[in-house]
Structure formats: C-alpha cells, structure tokens
Amino acid sequence: MTNATRSRTNRLRAEWLVFAAVTLLIGGLLAWTLHRERLSIEAQEGDRLDVQTRVVGDNLLRQLDGAGKALDGVRAQLSHPSDRPGTRLLSQKLKLLTDAMPGVSTMIVLDAGGTIVATSRDELLGKNFEQRDYFAVPKRSGDPSILFVSPPFKTALNTFVIVASRTLRSAEGDAFAGVVAATLDPEYFDALMRSVVYAPDMRTTLVHGDGRVFIAIPGGEEPTAVDLAVLPTGATHSLVLRANRLVATRRIDRDTLRLNKPMFVTASRELEALYAPWWTRVLELVALCVVLIACTGLALLLSQRRRVADVAVALAARQERQLAAERVELALRGADLGLWDLHVPTDTFVVNAREREILGFAPDDALPQGPQWRDRVHAEDRAAVDAAIVPH
C-alpha cells in the first residue's frame with residue numbers, strides 16, 4: 001500500500017469516526033432530553049395526585065370536625081339529666097342534625113349496654129350493637145375527648161360504612177354511660193372521591209388507619225386492605241412507585257380532633273397510561289433520528305465512493321499519460337531528439353535528458369522556472385512561443 005493510498009484510507013476512516021461520534025452525541029442528547037421529560041411528567045403528575053388527595057383530605061377533615069362537634073352537642077344535652085330530652089324528642093333532634101350534615105347518614109345514642117335509645121332512623125331503635133367497634137372501643141377507652149373512628153364494616157344494607165363516636169359519661173363523670181355515634185355517609189364520600197378522578201386509569205381510595213378500605217374508586221366486590229407502610233413515620237404525605245402505579249398517599253388527621261385512628265386517602269395513576277404520550281414521542285423522535293442518521297450515513301458512503309472513483313480515474317489517467325510519455329521518450333531517444341513540456345498554469349517546464357544537453361544543462365543542474373526559462377528560448381522563436389502560450 002502506497003503512502004497516498006494509506007493516507008486516503010485513513011481519511012475515509014476518520015470521516016466515519018467523526019460520523020459515529022456525532023451520532024453518539026446526538027443520541028446522548030436525545031436520551032437526556034427524553035429522560036428529563038419523563039421525570040417532568042412524573043413530577044407534574046405526582047403534584048397533581050397530591051393535590052387531589054389534599055382536596056379529599058380537607059373535605060374529610062371538615063366532615064369529621066362537623067360530626068365531632070355535632071356529637072359534642074348531643075353529649076352536652078345528655079350530660080345534664082334535668083335538661084335531658086325524652087327519647088322521642090332526642091330522636092327528632094338527631095334527624096334534624098343528620099339532615100343538616102350531608103356527610104352523615106345516621107346518628108344514634110347507645111346506653112351503657114350497647115342498646116340504641118335514640119336514633120335518626122326509627123327502625124334502629126332498641127337494637128343492640130355492643131359488639132360493634134364504634135361502641136366497644138370507646139367503652140374500653142373511656143376517654144371522652146377522643147373522636148373514635150371505626151374500621152369500615154358491612155351493614156345490614158350490605159354497604160360499607162365508617163362510624164365516628166364519642167364516649168358518654170355519667171352525670172358525675174366517673175362511669176361509662178354509653179356512646180353517641182354518627183355514621184359517615186358512603187354515598188357522599190363516593191361522590192367526593194369520584195369528583196377528583198380525572199383519568200380513566202386513575203384510582204382513589206379512602207382507607208382507615210388499620211389499612212381497611214372504606215371507599216375505592218373504581219369499586220370492586222369487596223374493599224381490600226391497603227399497605228400504608230409506604231408512608232414514612234411522621235410524614236403527612238408521600239409519592240411512590242408501587243405495582244406499576246404512581247401512588248400519592250396522604251394522612252388525614254388533626255391534633256384538635258384527637259382521632260383514635262387517622263384516615264388515609266390515596267390517588268394513583270397507571271404508569272403505562274401515564275407515560276403513553278411520552279412513549280409516542282420517544283418512538284417518533286427515535287424514528288426521525290434513525291432516518292436522519294441513515295440518510296446522512298448513506299450520503300457519506302456515496303460521497304466517499306464517488307471520491308474513490310474519481311481518484312481511481314485520475315490515477316488511471318495519470319498512469320496512461322506516464323505510459324504515453326515513456327513511449328514518446330523511447331521514440332525520441334531512438335531519434336536522438338529533445339523534448340520539453342510546459343505547464344502553463346505554473347509557468348514551469350520539464351525536459352528530457354537530450355533536451356538538457358541541447359540547452360546546455362548538466363544532468364544535475366536545476367532548470368530555471370518562471371520567467372527565467374524564457375531566456376533560454378532562441379530569440380527567433382520567442383514570438384512564436386509567446387503566441388502559442390498566451391491566449392488570443
């Protein structure tokens with residue numbers, strides 16, 4: 001391989017290396033940009049889910065606060081035997097309170113044995129619910145300052161409900177006297193949970209502090225337990241990737257309410273649906289880059305082939321001229337004639353050995369170039385030579 005061929009090969013290889021480096025750089029920038037877009041989508045969607053949980057949480061806190069104050073009002077009336085209304089009048093008041101509170105479906109008063117002695121629903125009067133958590137837990141605690149929130153349970157109407165209750169104390173304050181309770185309306189909270197759903201793949205759940213689901217949108221046959229371990233201890237909300245979903249969780253609690261168990265609300269999106277537009281953009285950009293790289297690579301390949309072909313043609317022509325010159329040289333040598341060749345653009349000339357002798361140059365003498373060579377032309381021939389070189 002000649003030096004010229006080696007140099008040409010190295011130049012072609014260098015062009016492909018530059019092409020590869022530019023391709024990798026563009027690919028890296030594209031990957032970085034798409035990764036940033038993915039993180040931005042996740043952050044924006046996380047903020048949006050967190051806002052939805054806050055909306056539900058604020059509404060739930062207002063309902064719990066309202067229910068707690070209503071229970072306090074009923075309890076205040078029952079704490080004074082002289083002012084204590086009769087069963088019928090108390091039940092009427094409970095009905096008025098229930099009608100005034102859209103998040104509450106039923107209010108009841110249970111005596112120390114768990115029997116309902118007043119209620120906003122007449123069909124419940126006289127029934128005993130001492131085994132229910134909303135009665136048994138306050139009875140064991142006896143703390144009148146705590147608002148007890150029961151785990152979800154299925155009622156006789158085959159619906160899941162949560163009951164908020166407070167302990168009743170005797171007039172002297174030294175004995176358990178019963179419980180006053182309010183059933184949170186599942187239809188109200190179902191509508192609330194549906195109001196924050198903004199995508200077909202979105203799920204929202206309202207969960208008791210023990211992990212049991214109160215309401216799940218979309219609903220299922222049976223509410224299942226939710227693992228709340230994703231919420232760090234002491235944190236009020238979190239955002240995690242879990243089971244191919246982006247899940248925002250918020251703890252619903254307030255110091256002034258003194259809940260025995262907090263509530264939690266979760267809102268989540270399916271990652272496949274969340275990133276579907278992003279994947280479409282990825283495929284479009286990758287396809288565009290592939291086409292551009294392929295077209296650029298093909299253009300470079302065709303350019304190199306054309307240049308290689310041009311070099312081959314020029315080399316063949318040079319070899320042909322050299323061969324023709326050698327033949328002329330042999331013919332001239334046989335005829336003992338001199339030959340000189342003028343290169344007009346550079347104003348230089350080349351002569352054979354016989355011409356050197358004729359012009360009086362030794363074999364090693366440097367030939368005059370530029371205007372100097374004209375001095376070697378015979379005076380009688382200069383006009384003809386100039387006329388032959390200078391275009392008219």
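Scroll up to find the structure.
Below, the structure is looked at part by part.

Observations regarding a nonpolar patch on the surface
Here is step 1 of the chain: Taken together, the side chains of Trp16, Leu298, Leu301 and Leu302 present a nonpolar region at the surface, about 340 Å² in accessible area.
Here is step 2 of the chain: Looking at the nonpolar patch, the element that brings in the most residues is helix α6 (residues 276–335), giving 3 residues.
Here is step 3 of the chain: Here Leu301 is to be found in helix α6.

Brief notes about the pairing of strand β11 (residues 263–270)
Here is step 1 of the chain: The buried fraction of β11 is high, at 7 of 8 residues.
Here is step 2 of the chain: One ladder, built from 6 bridges, connects strand β7 (residues 203–208) with β11; its direction is antiparallel. Within the sheet, the bridge partner assigned to Arg203 lies in β11 and is Ser268.
Here is step 3 of the chain: With 8 bridges joining them, strand β10 (residues 245–252) and β11 adopt antiparallel strand pairing. Bridged to Arg251 within β11 is Phe264.

Let's talk about the sheet that holds strand β9 (residues 237–242)
Here is step 1 of the chain: The 5 strands are arranged β8-β7-β11-β10-β9 in an open sheet whose pairing can be described as antiparallel. Edge positions in the open sheet fall to β8 (213–217) and β9, since each of these has one partner strand only. Ignoring which end each strand starts from, the neighbouring axes of this sheet average 15° apart.
Here is step 2 of the chain: Most of the contacts of helix α1 (residues 3–78) go to β10, to which it runs at about 30°, and overall it touches β7, β9, β10 and β11.
Here is step 3 of the chain: Helix α4 (residues 186–195) rests against β7, β8 and β11 of the sheet, and its axis sits at about 45° to β8.

Side note on the pattern of salt bridges
Here is step 1 of the chain: Tallying each qualifying case throughout the model produces 15 salt bridges.
Here is step 2 of the chain: Residues Asp65 and Lys69 are paired through a salt bridge, measuring 3.3 Å at the closest nitrogen-oxygen approach. Placement of the pair is Asp65 and Lys69 together in helix α1, with a separation of 4 residues, close to one helical turn.
Here is step 3 of the chain: One salt-bridge network, in which partners are shared between bridges, spans Glu45, Asp201 and Arg269.

Some details on the nonpolar core
A general trend in soluble globular proteins is that nonpolar side chains are found buried together.
Here is step 1 of the chain: Leu64, Val74, Met107, Val109, Phe189 and Leu206 are the most contacted members of the largest nonpolar core, which has 37 residues in total.
Here is step 2 of the chain: Taken together, the elements giving at least two residues each to this core come down to α1, α2 (87–100), β1 (104–111), β5 (160–169), β6 (176–184), α4, β8 and β11.
Here is step 3 of the chain: Counting residues per element, this core draws most heavily on α1, which supplies 9 residues.
Here is step 4 of the chain: Ignoring any residue separated from it by four or fewer positions in sequence, one finds Val109 in contact with Val74, Leu78, Leu90, Leu94, Thr115, Ile116, Val117, Ala118, Leu168, Val179 and Val180.
Here is step 5 of the chain: Counting 13 residues, the second-largest nonpolar core is a separate cluster that includes Phe129, Tyr134, Val179 and Ala181.

Parameters and conventions
Residues numbered from 1 in each chain as written. Predicted model: local features only at pLDDT ≥ 70, side-chain atom pairs only at ≥ 80, totals over all residues. Heavy atoms only, no water. Patch = residues over 30% accessible without salt bridge, like charges linked within 9 Å, V, L, I, M, F, W, Y side chains within 5 Å. Areas by Shrake-Rupley, 256 points an atom, 1.4 Å probe, with all protein chains shown as cover. Salt bridge = Lys/Arg side-chain N within 4 Å of Asp/Glu carboxyl O. Helix = DSSP H or I, 4+ residues; strand = E, 2+ residues; numbered from the N terminus. Buried < 20%, exposed > 50% of the residue type's maximum accessible area, 1.4 Å probe, protein only. Pairing = 2+ DSSP bridges. Axes fitted to C-alpha atoms, helices over the stretch in contact; angles between N-to-C directions. Contact = heavy atoms within 4.5 Å. Core = buried A, V, L, I, M, F, W, Y, C linked by side-chain atoms within 4.5 Å.

None of this, on its own, says anything about what the molecule does.
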